[in-house]
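Residue-level listing of the chains:
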Amino acid sequence: MAKTQRIDKVLSNLGYGSRKDIRKVCKDGLVKVDGKVIKSSSVHIDPESSEIIIGNEVVDYREFVYIMLNKPQGVVSATEDNRDETVVDLLDEKYVPFEVFPVGRLDKDTEGLLLLTNDGKLAHNLLSPKKHVSKTYYAKVDGIVTEEDIEKFKEGVYIEEDYKTLPANLKILKSDEISEIELTIHEGKFHQVKRMFKAVDKTVIYLKRLSMGPLKLDNRLDLGEYRELNEDELNKLRDHK
Ligand code: URA
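Scope of this entry: the structure provided in the associated data block. (Residues numbered from 1 in each chain as written. Predicted model: local features only at pLDDT ≥ 70, side-chain atom pairs only at ≥ 80, totals over all residues. Heavy atoms only, no water.)

### Topic: the pairing of strand β13 (residues 169-174)
Threshold: Two strands make a pair as long as DSSP finds a minimum of two bridges between them. Secondary structure elements follow DSSP: runs of H or I of four or more residues count as helices, runs of E of two or more count as strands, with numbering from the N terminus.
The pairing of β13 with strand β14 (residues 178-185) spans 5 bridges and is antiparallel. By the bridge assignment, Lys-171 is partnered in β14 with Glu-182. Turn length for the β13-β14 hairpin, with the two strands adjacent in sequence and antiparallel, is 3 residues.

### Observations concerning the site of the ligand
To keep things clear, this is the line we draw: The criterion for a residue being near a molecule or strand is simple. One of its heavy atoms has to lie within 4 Å of it. Definition of a polar contact: a pair of N or O atoms within 3.5 Å, with one able to donate and the other able to accept a hydrogen when the atoms are protein atoms, and with sequence-neighbouring residues admitted only if both atoms are side-chain atoms. To be clear on the numbers: accessible area is Shrake-Rupley with a 1.4 Å probe, and residue cover counts the displayed protein chains and nothing else.
In the vicinity of the ligand, the contacting residues are Leu-106, Asp-107, Thr-110, Tyr-137, His-191, Gln-192, Val-193, Lys-194 and Leu-207. The separation between an oxygen atom of the ligand and a polar side-chain atom of Thr-110 is 2.8 Å. Interatomic distance of 3.3 Å between a backbone N/O atom of His-191 and an oxygen atom of the ligand. Coverage of the ligand by the protein chains reaches 95% of its 240 Å² of free accessible surface. Counting residues per element, the shell around the ligand draws most heavily on helix α5 (residues 192-199), which supplies 3 residues.

### Side note on the environment of Gly-156
What counts, and what does not: A contact between two residues is defined here by any heavy atoms of the two lying within 4.5 Å.
Within the element layout of this structure, Gly-156 appears in the loop between α4 (147-155) and β11 (158-160). Along the chain, Gly-156 and Leu-166 lie 10 residues apart, while their C-alpha atoms are 5.3 Å from each other. With near-sequence residues (within four places) excluded, Gly-156 lies in contact with Lys-164, Thr-165 and Leu-166.

### Details of the nonpolar core
What counts is decided by this rule: Only buried residues count toward a nonpolar core, which is a set of Ala, Val, Leu, Ile, Met, Phe, Trp, Tyr and Cys residues joined through side-chain atoms within 4.5 Å. Burial classes follow relative accessibility: with a 1.4 Å probe on protein chains only, a residue under 20% of its type's maximum area counts as buried, one over 50% as exposed, and anything between as partly exposed.
Counting 45 residues, the largest nonpolar core has Ile-52, Phe-153, Leu-183 and Phe-197 as its most contacted members. Apart from residues no more than four positions distant in its own chain, Ile-52 is found in contact with Ile-7, Val-10, Leu-11, Val-31, Lys-32, Val-33, Ile-45, Glu-57, Val-58 and Val-59. Of all hydrophobic cores here, the second largest spans 16 residues; its members include Val-103, Leu-115, Leu-217 and Leu-234.

### Here we look at the environment of Lys-152
With respect to the helices and strands, the residue Lys-152 is situated in helix α4. In the structure, Lys-152 is positioned 16 residues away from Ala-168 in sequence and 8.9 Å away in space, judged by C-alpha atoms. The residues contacting Lys-152, other than those within four sequence positions of it, are Val-157 and Val-200.

### Thoughts on the pattern of salt bridges
Stated precisely, the cut-off is as follows: For this document, the term salt bridge refers to a Lys or Arg side-chain nitrogen within 4 Å of an Asp or Glu carboxyl oxygen.
As enumerated under the stated definition, the model contains 18 salt bridges in all. For the salt bridge of Glu-148 with Lys-152, the shortest nitrogen-to-oxygen distance reads 3.6 Å. You can see Glu-148 and its partner Lys-152 sitting in helix α4, 4 residues apart, about one turn around the helix. Overall, Glu-148 belongs to the exposed group, its relative accessible area being 52%. Relative accessible area serves as the criterion here: at 36%, Lys-152 is assigned to the partly exposed category. The partner of Glu-160 in a salt bridge is Arg-195, with the nearest N and O atoms 3.4 Å apart. With a gap of 35 residues between them, Glu-160 in strand β11 and Arg-195 in helix α5 connect regions that are remote in the sequence.

### Quick look at α5
Residue pairs three or four apart in sequence face the same way in an α-helix, which turns once every 3.6 residues. Note the cut-off: Each C-beta atom gives one direction from the helix axis, and the arc is the one those directions make.
Of the positions making up α5, those classed as buried are Gln-192, Val-193, Met-196 and Phe-197. Around the axis of α5, the buried residues are gathered within 130 degrees of arc, so they sit on the same side. In this fold, the buried residues of α5 make contact with β10 (135-142), α4, β11, β13, β14 and β15 (203-212). Downstream of α5 by a residue or two, Asp-201 has a phi angle that is positive, lying close to 60 degrees.

### So, the sheet that holds strand β2 (residues 31-33)
One open sheet accounts for 4 strands, arranged β3-β2-β5-β6; its pairing is antiparallel. Taken across any chain shown, the strands that pair with only one partner, and hence form the sheet edges, are β3 (36-37) and β6 (57-58). Bridge count for β2 against β3 is 2 bridges, and the pairing is antiparallel. By the bridge assignment, Lys-32 is partnered in β3 with Val-37.

Structural data, given as structure tokens:
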């Protein structure tokens, strides 16, 4: 069924100005819907199926946006903060009207994959503790990571007095005074990776998220860079059970 909305609401939600501004551009005859000039901003249209033109610009309508960010250190995973720059501050202002938020959190000093969207349902599905969505991290660890740690993480370790982690898959890339590892976990407790290594007497000194469920960080993105998800990534995320 077609979902119609007032054209001033559609356009102001997309960042084309206030409803008052839209009333004026409509009055001036600058707005066309499916080739027809719309003089009144209270007209209802179906933005999904209509072509809207303002002046010479075809409006790129979408309800939701999905952005993959390579989060740098020093920014917080929030929409607002009194002290620190947030991940949302890194985005172009054209995204402001969409009111995106980060799907879950990375610590201020963690880098890597962070999804930002305004699709609450998709975010909820990815974050639901019941879904056990996997997350893979690369870390540098102060201390020699051993086969024994692999076994312990497979078993689960206590990161709180009465909380044992779910089985996690630890892969050692380099075992040395400063070790390098990849760790896949299926939950998202506060400071989870750092606390798991604390539980085996080691300290994470660098942490980067590589993937979340089926979504992998695009290695062409430098720190602080982002791009919208492509169709394939979005379908995989939507289909992810
Ligand atoms: N685990 C952590 O300790 N920190 C993060 O940012 C993510 C997972």
